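Reading the structure
The lines below spell out each chain.
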Amino acid sequence: MRTAIYGREFNNSVLPYVQEVFNVLGEFKKPILVYKEYLDFIKDKIKLPDGIVAFSHHSELVDQTDVLISLGGDGTLLDTLSLIRDSGIPVIGINFGRLGFLASINKDEIRVAMEALRQKAYALDKRTLINLDSKLDLFGEENFALNDITIHRRDKSAMMIIHAYMNDEFVNSYWADGLIIATPTGSTAYSLSCGGPIIYPSSQNFVITPIAPHNLNVRPVIIPDDVKLTFEVEARSAKFLVSCDSRTATVDRSVKLTLTKAAFHVNLIRLNEESYLKTLRNKLLWGIDTRNY
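Residues numbered from 1 in each chain as written. Predicted model: local features only at pLDDT ≥ 70, side-chain atom pairs only at ≥ 80, totals over all residues. Heavy atoms only, no water.

Time to look at the environment of Ser254. Within the secondary structure layout, Ser254 lies in the loop between strand 17 (247–252) and strand 18 (257–271). In the structure, Ser254 is positioned 21 residues away from Val233 in sequence and 7.2 Å away in space, judged by C-alpha atoms. Engagement of the side chain of Ser254 in a polar contact is seen with the side chain of Asp252, the distance being 2.6 Å. (Helix = DSSP H or I, 4+ residues; strand = E, 2+ residues; numbered from the N terminus. Polar contact = N/O pair within 3.5 Å; in protein donor to acceptor, adjacent residues only side chain to side chain.)

Below, the structure written as structure tokens:
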């Protein structure tokens, strides 16, 4: 098993768990690729095994690694998309954060998870991504999102009017602070906090969720993921913001945005004893009711 590791800076409370990851991987006597910025951060904080190789670009991972391990929360795992892109490299997240829908491995289960990876005792969840196109080529080659693409106002600017079209047919003009277009994976993220539904990962849908809509009869709508969505913005402010997962760009209101299902998917590793429903129950505390006991 050739392993790559990505992470962000962290506080010292996480050090013992990071050390355990490298200790276990070191026992496997296989090459370990570590993201250079992360390696620079940890090299004086923990003891690293021999054979560490730094990488900085997604091209250095292709054909060089079997699994990418994300050390952190869901935001950290989302960062890895820029590194794996359409390579198909499976990703697993060890959760050093809080909720952790994507980074589902608890930090107390590191050795068990690493052994499962070595034994290939896991399944792959193929997750749909959403693609963004515009004349400005806003995010270059990284114009895709696993969670959501969001249109929202800048700072304290006035409410926006977002005109939405599906396959060139008019859908609605949303008077709101913004609009979230989420994948099933992203349905448990920003969209959920704005009243959107939870969508099972294999449902082949997107959801359009308004942010603080002015009209109370406007509600989230679930649509098939094989359509083309187009958005035009009308606002007092000359510019607005577009977020593609954790990446954000400032855009002129004259820019038209087109969203479609991406041509590739992301492989999330699911250990054999895990399931999406189990994750929901654990993270959302479903079933925690005295009437069930």
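From this point, the discussion proceeds with the structure in view.
This paragraph deals with unusual backbone geometry. The phi dihedral of Lys120 is positive, around 55 degrees, even though this residue is not glycine. As for its position among the elements, Lys120 is in the loop between helix 5 (110–118) and strand 7 (122–133). Residue classification places Lys120 among the exposed positions, given a relative accessible area of 64%. For Ala212, which is not a glycine, the phi torsion comes out positive at approximately 50 degrees. The residue Ala212 is located in the loop between strand 13 (205–211) and strand 14 (221–224) in this model. (Buried < 20%, exposed > 50% of the residue type's maximum accessible area, 1.4 Å probe, protein only.)

On to the packing of aromatic side chains, then. Within a pair of aromatic rings, the relevant descriptors are the distance that separates the centres and the angle that separates the planes. Counted by the stated rule, this structure contains eight aromatic pairs. The interplanar angle of 55 degrees and the centroid separation of 5.0 Å between the aromatic rings of Tyr6 and Tyr35 together place this pair among those described as tilted. With a gap of 29 residues between them, Tyr6 in strand 1 (residues 3–7) and Tyr35 in strand 2 (residues 32–35) connect regions that are remote in the sequence. Note on Tyr6: relative accessible area 10%, which makes it buried. When its relative accessible area of 16% is taken as the criterion, Tyr35 is described as buried. Here Tyr200 and Tyr276 contribute two aromatic rings whose centre-to-centre distance is 5.2 Å and whose plane-to-plane angle is 85 degrees, an arrangement assigned as edge-to-face. (Phe/Tyr/Trp six-rings, centres within 6.5 Å; stacked < 30°, edge-to-face > 60°.)

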